[in-house]
Every structure is written in C-alpha cells, then in structure tokens.
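Secondary and tertiary structure notes
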Amino acid sequence: MTHHTRATALAGALLAVAALLTAGPAQAATREARADTWLFLTVTKGSARTGAVRGTLLRCDPPRLHARATEACAELGAAGGDIGRIPAENVFCPMIYAPVTARALGRWNGRTVTFRETYTSACVMKARTRHVFAFDD
C-alpha cells in the first residue's frame, strides 16, 4: 500500500468515525425519548373509585402491550401525546347513562402525562379517545 493510499484510507476512516460520533448522541437521545414513552391506562365503570377496573400498559416503540397499540400510538403521536387533543370520531351513541372513567398516567417523549375524564358511556369515551382506551377489543 502506498503512502497516498494509506493517507486516503485513513482520511476516509476518520470521516466515518466523525460522522458516527456526531450522529451517536442524537440517535441516543431519540432512543431515550422513545424508551420513555409509555402510558398506564385504566377504565373504571362508574365515576366512583370502587367500580370494576380494567387496565393495560401501552408502549409505543414499537407499539405493544395493548390490543390496538398501533392505532393508539399513531393517534397519540398526531396529538403530541395529549389525549384531549385526539379528534373525536363522529359516531352515534345511544343516550344511555352508564358512566366510565378513563385514566392515563405515564410519559410521552419524556413529558409527564396525566389524564382523567368521566364520560357518560363507553361509547362516548371511545368516540372521544378513539383507540387509546380500546385495550380490551
């Protein structure tokens, strides 16, 4: 190998290492934020704390641990992790009063998420939160 070939190879290797070093922290930060994206979701029948409770953990990278994780993660992503900003689905719900309380506690891209809302029925809850609380479908 000639001196010129070795110098070119060394320069190429240094450029590759420099590229990895500059990309490394950004990729690590992105992985950390995604690893810190999870919500513990519960639905309680009724508005009191003593009702029957169902719950699950939602992870979004990759979507898992929830019957509709892919859809729920996409909806949350579009809403910046804010359940209240998810666009309501236009559906007809019967006017039957059967309250349910939806709760979420966790982290979205490193930001604390707390959510609690009582809806007049499971149908209204699903229309307003889409797939987020549809974890037992």
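Cut-offs and rules
- Residues numbered from 1 in each chain as written.
- Predicted model: local features only at pLDDT ≥ 70, side-chain atom pairs only at ≥ 80, totals over all residues.
- Heavy atoms only, no water.
- Buried < 20%, exposed > 50% of the residue type's maximum accessible area, 1.4 Å probe, protein only.
- Helix = DSSP H or I, 4+ residues; strand = E, 2+ residues; numbered from the N terminus.
- Contact = heavy atoms within 4.5 Å.
- Disulfide = S-S within 2.5 Å.
- Core = buried A, V, L, I, M, F, W, Y, C linked by side-chain atoms within 4.5 Å.
- Pairing = 2+ DSSP bridges.
- Axes fitted to C-alpha atoms, helices over the stretch in contact; angles between N-to-C directions.

**Details of helix H3 (residues 122-129)**
- Residues of H3 that are buried: Val-124, Met-125, Ala-127 and Thr-129.
- Elements in contact with the buried residues of H3: strand E1 (38-45), helix H2 (69-78), strand E4 (100-108) and strand E5 (111-119).
- Residue Arg-130 follows H3 closely and has a positive phi angle near 55 degrees.

**Looking at the side chain of His-131**
- Positionally, His-131 belongs in the segment after H3.
- Here His-131 falls in the buried class, since its relative accessible area comes to 13%.
- Contact partners of His-131, with chain neighbours within four places excluded, come to His-66, Arg-68, Glu-71, Ala-72, Glu-75 and Lys-126.

**What about unusual backbone geometry?**
- Phi angles above zero are rare outside glycine, and Asn-109 is one such case at about 50 degrees.
- Tracing the sequence through the fold places Asn-109 in the loop between E4 and E5.
- The backbone phi angle of Arg-130 is positive, close to 55 degrees, even though this residue is not glycine.
- Mapped onto the secondary structure, Arg-130 falls in the segment after H3.
- What makes Arg-130 partly exposed here is its relative accessible area of 24%.

**Observations concerning the state of the cysteines**
- In total, this model carries two disulfides according to the counting rule given.
- A disulfide bridge connects Cys-60 with Cys-73, and the sulfur atoms are separated by 2.0 Å. In this structure the cystine formed by Cys-60 and Cys-73 twists about its S-S bond by roughly -85 degrees; its chirality is therefore left-handed. Taken together, the positions of Cys-60 in strand E2 (residues 53-60) and Cys-73 in helix H2 put the pair 13 residues apart, joining distant regions of the chain. The residues Cys-60 and Cys-73 share a single accessibility class, namely buried.
- Note on cysteine connectivity: Cys-93 is disulfide-linked to Cys-123, with sulfurs 2.0 Å apart. Between Cys-93 and Cys-123 the disulfide shows an S-S torsion of about -80 degrees. By sign, it is left-handed. Of this pair, Cys-93 sits in the loop between H2 and E4 while Cys-123 sits in helix H3, and the two are 30 residues apart along the sequence.
- With relative accessibility at 15%, the residue Cys-93 sits in the buried group.
- Counting its disulfide-bonded cysteines in sequence order, the protein chain shows a connectivity of 1-2, 3-4.

**So, the nonpolar core**
- One finds Leu-41, Leu-58, Leu-76, Ile-83, Val-132 and Phe-133 to be the most contacted residues of the largest nonpolar core, which totals 25 residues.
- Of all the elements in the fold, those that place two or more residues in this core are E1, E2, H2, E4, E5 and H3.
- For Val-132, the contacting residues outside a window of four places in its chain are Leu-41, His-66, Ala-72, Glu-75, Leu-76, Ile-83 and Ile-86.

**A closer look at the sheet that holds E5**
- Pairing is antiparallel across the open sheet formed by five strands, whose spatial order is E3-E2-E1-E4-E5. Lying at the two open borders of the sheet, with one neighbouring strand each, are strand E3 (63-64) and E5.
- Inspection of the sheet shows E4 paired to E5 by nine bridges, in the antiparallel sense. Of the residues in E5, the one forming a bridge with Arg-103 is Arg-116.
- Its contacts with the sheet place H2 against E1, E2, E3 and E4, and it is angled at close to 70 degrees to E2.
- Sheet strands in contact with H3 are E1, E4 and E5, and its direction is about 145 degrees off that of E5.

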